2 protein chains.
Amino acid sequence: MTAKAPGAGSPAGSRPEEPSEQKSTRERILDIALELFTEQGYDKTSLRQIAARLGFSKAAIYYHFASKEDILMELHLRLHEFGRGILANIDAGKMSLGLAAEILDQLVEQMMGHRALFVLFQRNQAALDELHRERHDGAHEDVEILFRRVLSSQQIPLRDRVRIACALGAVMGGVLFSGDVFSDVPAEDMRGMLQDAARALLAPEG
Amino acid sequence: MTAKAPGAGSPAGSRPEEPSEQKSTRERILDIALELFTEQGYDKTSLRQIAARLGFSKAAIYYHFASKEDILMELHLRLHEFGRGILANIDAGKMSLGLAAEILDQLVEQMMGHRALFVLFQRNQAALDELHRERHDGAHEDVEILFRRVLSSQQIPLRDRVRIACALGAVMGGVLFSGDVFSDVPAEDMRGMLQDAARALLAPEG
DNA sequence: GTCTATATAGGGATAGAC
DNA sequence: GTCTATCCCTATATAGAC
């Protein structure tokens, strides 16, 4: 809680893809971190490694981030950003198979567009959980939390709840595989097929 | 590679649920490890913690296991055991939506029956990957690897490949949620609904 | 803004007593 | 079969020079 750096106060103000400008050091740290955290896992990645890739020393990172966890937190906040548009639509009170299908349509789009971030947190759930445990500051309205609330709602028929859970799993699984076994398939085709799959699961009759 | 202990050579010989006998220390270590690894993550769990729960010191664990990784490996092997029956049925050469549905039926059954192990490795993929990287000894015919092979097969129509991937994601997601938001639902009901969902995704028309 | 040097802690693992 | 004591390494993080 000591370091104060250039872009420290504007997590949403820094765009991931700048036109032609060269990225700030802070941005580059985040990029490398995303890469290494995903490949090796958050815990097995040291600040030393991140610094080495960027050509400077470990200690320099502390100018830009107060702690290793802060790097993960910042990446986490970005994922939140992208989930923002979806949040408003999720309401356990008035949920239906049809509405779930619409939400999943958006979700697929967001996940496909920010696959790297999505994979990162899919592969580092343990680290994320700890983050949530320690810093439950801010009304932490997470997409995942809202989904859990929907899935727990007793106002929705059990079969529908299960179907929504499966549809969520289906699209998540699809996105995960899309960069791997389906890397040859155009993203748009993938997106369409995943959305179709979700709709198949959420059809009233099935 | 130093420690040789009582049950060291019989990973499959020790049953998880013994009638009324008290479990061996080795078995108890594995139980606690499964619990802590799942809750906190493999990397954030220290041998000290495991030992503390069992009432003895960290060093004592080294009598039963050669390393921390060995504990994870043993748990991994158990998961393999349960996947054995499924392995034989997976063949990229003659895969179809119908066959996939049958395989997923078995998979749901196995996953529901050994949910704890399944969740462990779902939440510690990074650690598992490293395990596979370092010790790729033995014909490591993993269910996951075989599934990837099927999903990559060019002999299967793309749409079917995606559908199978989604069905896999659907049942995995369902099983993951089953101990959480669906903890009140009887396992058998869950199993049936998940199998139905998989079939809905794998229907020729959808 | 990046460095060196250092403090401090905790981890995995070994040796050997009991 | 479990313990104590210890080694060695790497990690995060801090202080302060440039």
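Residues numbered from 1 in each chain as written. Chains lettered and ligands numbered in written order. Predicted model: local features only at pLDDT ≥ 70, side-chain atom pairs only at ≥ 80, totals over all residues. Heavy atoms only, no water.

**Q** Where do I start with the interface of chain B and chain A in this structure?
**A** Many structure descriptions define interface size as the accessible area lost when the parts assemble. Contacts between the two partners involve 42 residues from chain B, matched on the other side by 42 residues from chain A. Roughly 3600 Å² of surface becomes buried between chain B and chain A when both sides are summed, with 60% attributable to carbon and sulfur atoms. Contact with chain A buries surface across chain B, with Lys 44, Arg 123 and Phe 177 of chain B losing the most and accounting together for 16% of the total. Across the contact surface, chain B and chain A share eight salt bridges. Arg 148 of chain B is paired through a salt bridge with Asp 180 of chain A; the nearest N and O atoms lie 2.3 Å apart. When contributions to the side of chain B that touches chain A are tallied by element, the ones reaching two or more residues are helix H1 (25-40), helix H6 (115-123), helix H7 (125-134), helix H8 (143-152), helix H9 (158-178) and helix H10 (187-202) of chain B. (Contact = heavy atoms within 4.5 Å. Buried area = accessible area lost by both parts, 1.4 Å probe. Salt bridge = Lys/Arg side-chain N within 4 Å of Asp/Glu carboxyl O. Helix = DSSP H or I, 4+ residues; strand = E, 2+ residues; numbered from the N terminus.)

**Q** Would you mind showing me how to read the pattern of salt bridges here?
**A** Close approach of charged atoms lets side chains of opposite charge pair. As enumerated under the stated definition, the model contains 28 salt bridges over all chains in all. Where Arg 26 of chain A meets Glu 74 of chain A, a salt bridge forms, and the shortest distance between an N and an O atom there is 2.7 Å. With a gap of 48 residues between them, Arg 26 of chain A in helix H1 (residues 25-40) and Glu 74 of chain A in helix H4 (residues 68-87) connect regions that are remote in the sequence. Owing to a relative accessible area of 9%, Arg 26 of chain A belongs among the buried residues under this scheme. A residue is classified by how much of its surface remains accessible, and Glu 74 of chain A, at 7% relative accessible area, is buried. A salt bridge links Glu 144 of chain B to Arg 148 of chain B, with the shortest nitrogen-to-oxygen separation between them at 2.6 Å. Here Arg 148 of chain B and Glu 144 of chain B lie together in helix H8, a separation of four residues that amounts to about one turn. Within the structure, one salt-bridge network assembled from shared partners comprises Asp 43 and Glu 130 of chain A together with Lys 44 of chain B. (Buried < 20%, exposed > 50% of the residue type's maximum accessible area, 1.4 Å probe, protein only.)

**Q** Could you clarify how one ought to interpret the protein's contact with DNA strand D in this entry?
**A** In the neighbourhood of DNA strand D, 18 residues make up the surrounding shell, with Lys 58, Tyr 62 and Lys 68 of chain A together with Phe 56 and Ser 57 of chain B lying closest. Protein-proximal atoms of DNA strand D, defined as those within 4 Å of the protein, fall in sugar or phosphate at a share of 65%. Within the contact set of DNA strand D, a phosphate oxygen lies 3.2 Å away from a side-chain nitrogen or oxygen of Arg 48 of chain A. Separating a phosphate oxygen of DNA strand D from a backbone N or O atom of Ser 57 of chain B is a distance of 2.5 Å. Among the elements that line the surface near DNA strand D, the one with the most residues is helix H3 (residues 58-64) of chain A, at three residues. (Near = heavy atom within 4 Å. Polar contact = N/O pair within 3.5 Å; in protein donor to acceptor, adjacent residues only side chain to side chain.)

**Q** Sorry if this is basic, but what is going on with the packing of H4 of chain A against helix H6 (residues 115-123) of chain A here?
**A** Packed helix pairs are characterised by how far apart their axes lie and by the angle those axes make with each other. Residues and elements named next belong to chain A. Two elements in contact, H4 and H6, have axes separated by 10 Å at closest approach and are oriented at 120°. It follows from the interaxial angle that H4 and H6 lie oblique. Handedness of the H4/H6 crossing: left-handed. Note on element contacts: H6 touches H4 through Leu 117, Phe 118, Leu 120 and Phe 121, opposite Leu 72, Leu 75, His 76, Arg 78, Leu 79 and Phe 82. Residue composition of the contact of H4 with H6, grouped by class: eight nonpolar, one polar and one charged. (Axes fitted to C-alpha atoms, helices over the stretch in contact; angles between N-to-C directions. Parallel < 35°, antiparallel > 145°, perpendicular 65-115°, else oblique. Left-handed = near helix turned anticlockwise from the far one by under 90°. Nonpolar A, V, L, I, M, F, W, Y, C, P; charged D, E, K, R; others polar.)

**Q** Please clarify how the packing of aromatic side chains should be interpreted in this entry.
**A** One pass over the full model with this rule turns up two aromatic pairs over all chains. With a centroid separation of 5.0 Å and an interplanar angle of 75°, the aromatic rings of Phe 37 of chain B and Tyr 42 of chain B are classed as edge-to-face. The ring of Tyr 42 of chain A has Lys 68 of chain A sitting right over it, with the charged end atom 4.4 Å from the ring centre. (Phe/Tyr/Trp six-rings, centres within 6.5 Å; stacked < 30°, edge-to-face > 60°. Lys NZ or Arg CZ within 6 Å of the ring centre and 35° of its normal.)

**Q** Explain the relation of the copies chain B and chain A here, please?
**A** In the superposition of chain B on chain A (RMSD 0.1 Å, axial shift 0.0 Å), the rotation amounts to 180°. The symmetry that links the two subunits is that of a two-fold axis. Taken as a fraction of all interface residues of chain B, those also at the interface in chain A reach 100%, which identifies the copy contact as same-surface. (Least-squares fit on C-alpha atoms with pLDDT ≥ 70 in both.)

**Q** Explain the protein's contact with DNA strand C to me, please; I cannot follow it from the model alone.
**A** Near DNA strand C, the surroundings consist of 18 residues, among which Phe 56 and Ser 57 of chain A together with Lys 58, Tyr 62 and Lys 68 of chain B are the closest. For DNA strand C, the backbone makes up 61% of the atoms found within 4 Å of the protein, where backbone means sugar plus phosphate. For DNA strand C, a phosphate oxygen lies 3.4 Å from a polar atom in the side chain of Tyr 63 of chain A. Lys 68 of chain B places a main-chain nitrogen or oxygen 3.0 Å from a phosphate oxygen of DNA strand C. Breaking the surface near DNA strand C down by element, the ones donating at least two residues are H3 of chain A together with helix H2 (47-54) of chain B. Of the residues forming the surface near DNA strand C, the biggest block, four residues, is contributed by H3 of chain A. A class-by-class count of the residues in the surface near DNA strand C yields eight nonpolar, seven polar and three charged.

**Q** Whenever I open this one, helix H2 (residues 47-54) of chain A confuses me. Can you help?
**A** Owing to its 3.6 residues per turn, the α-helix brings residues three or four apart onto one side. Residue and element names in this part refer to chain A. Here H2 has its buried residues at Leu 47, Ile 50, Ala 51 and Leu 54. Each buried residue of H2 sits inside an arc of 95° when the element is viewed along its axis, so together they form one side. Set apart from the buried face of H2 by more than 90 degrees, the exposed residues are Arg 48 and Ala 52. Contacts from the buried residues of H2 go to H1, H3 and H4. With its phi angle positive at about 85°, Gly 55 sits one or two positions after the end of H2. (Arc of directions from axis to C-beta.)

**Q** Please clarify how the side chain of Thr 38 of chain A should be interpreted in this entry.
**A** Residues and elements named next belong to chain A. Mapped onto the secondary structure, Thr 38 falls in helix H1. A relative accessible area of 17% places Thr 38 in the buried class. At a separation of 2.6 Å, a polar atom in the side chain of Thr 38 contacts the main-chain carbonyl oxygen of Leu 34. Those residues in contact with Thr 38 that sit more than four places away from it in its chain are Ala 33, Ala 116, Val 119, Leu 120 and Arg 123.

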